[in-house]
Amino acid sequence: MTPEILRFPEGTRTAEQAAAAVGCELGQIVKSLVFLCGGEPVLALTSGANRVDTTRLGDLLGGAISRADADGVREATGYAIGGTPPFGHAQPLRAVIDRALLAYDTVWAAAGTPDTVFELTPDELVQASGAEAADFAAD
Ligand code: 5CA
C-alpha cells in the first residue's frame with residue numbers, strides 16, 4: 001500500500017475534525033483507540049460514529065478493559081493521542097475492528113500526527129492491521 005497522506009492545517013485531532021476536513025461521513029473515520037486488557041495494550045479500530053462498549057470489548061478479548069492514558073498510548077504505539085495511526089506501531093498490538101467500518105468503500109485514518117490523514121479501503125485496513133472484525137460498539 002502506498003497511501004497518499006493529506007495534511008490539514010486546521011487539524012484532524014478528533015474524528016469530527018477529520019470528517020469535516022476530508023468531507024466524509026463521520027462513520028468513515030477510523031478511531032485508533034488503545035485500551036488495556038489485563039495490562040496488555042490492545043487496539044480497537046472504531047468507526048467515528050461509534051463509541052466502544054468496554055464490557056463488550058472485554059468479553060471479546062477475555063479480560064478487564066481500561067482506557068490507556070496518553071503515556072500508555074505513546075508507549076504502546078509510538079504516537080500521541082489524536083494522531084495514532086491504525087498500524088505501523090512501536091510494537092505489534094492485538095487489534096479488533098468495528099464491523100461498521102467494513103460497510104464503507106473507503107475509510108480515513110490518522111497518519112501519525114493530529115493534522116494528517118490517509119484514505120484506504122476497509123480490506124487494506126484489515127490486512128495492514130491484522131485486526132479481527134467484531135461488534136464492540138455501544139448501541
Ligand atoms: N486523528 C483523529 C481521527 S483519525 C483521531 O486520532 N481520532 S481518535 O478518536 O482516534 O483519537 C482521539 C481519541 O483519543 C478520542 O476519541 C478520545 O476518546 C481519546 N482521548 C482523548 N484524550 C484522551 C486521554 N487523555 N486519555 C485517553 N484517551 C483520550
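Report on the accompanying structure. The model shown is predicted, which means the values in this text are computed figures rather than measured ones. (Residues numbered from 1 in each chain as written. Predicted model: local features only at pLDDT ≥ 70, side-chain atom pairs only at ≥ 80, totals over all residues. Heavy atoms only, no water.)

Concerning the environment of Asp 59
Within the fold, Asp 59 resides in helix H2 (residues 54-61). Judged by relative accessible area, which is 62%, Asp 59 ranks as exposed. As for Asp 59 and Ser 47, which are separated by twelve residues in sequence, their C-alpha atoms are 19 Å apart. (Helix = DSSP H or I, 4+ residues; strand = E, 2+ residues; numbered from the N terminus. Buried < 20%, exposed > 50% of the residue type's maximum accessible area, 1.4 Å probe, protein only.)

Here's the deal with the packing of aromatic side chains
Per the stated rule, a full pass over the model turns up one aromatic pair. Between Phe 87 and Phe 118, the ring centres sit 5.9 Å apart and the planes meet at 80°, which makes this aromatic pair edge-to-face. Pair noted here: Phe 87 is in the loop between helix H3 (70-77) and strand E5 (94-98) and Phe 118 is in strand E7 (residues 116-120), with a separation of 31 residues, a long-range link. Judged by relative accessible area, which is 5%, Phe 118 ranks as buried. (Phe/Tyr/Trp six-rings, centres within 6.5 Å; stacked < 30°, edge-to-face > 60°.)

Notes on the site of the ligand
Of all residues adjacent to the ligand, which total 15 residues, the nearest are Thr 12, Arg 13, Ser 32, Arg 67 and Gly 82. Ser 32 places a polar main-chain atom, nitrogen or oxygen, 3.2 Å from an oxygen atom of the ligand. Between the ligand and the protein, one listed contact pairs an oxygen atom with a side-chain N or O atom of Arg 67 at 2.5 Å. In the complex, the protein chains occlude 70% of the 610 Å² of accessible area that the ligand would expose alone. (Near = heavy atom within 4 Å. Polar contact = N/O pair within 3.5 Å; in protein donor to acceptor, adjacent residues only side chain to side chain. Areas by Shrake-Rupley, 256 points an atom, 1.4 Å probe, with all protein chains shown as cover.)

Coordinates in, geometry out; function isn't part of it.
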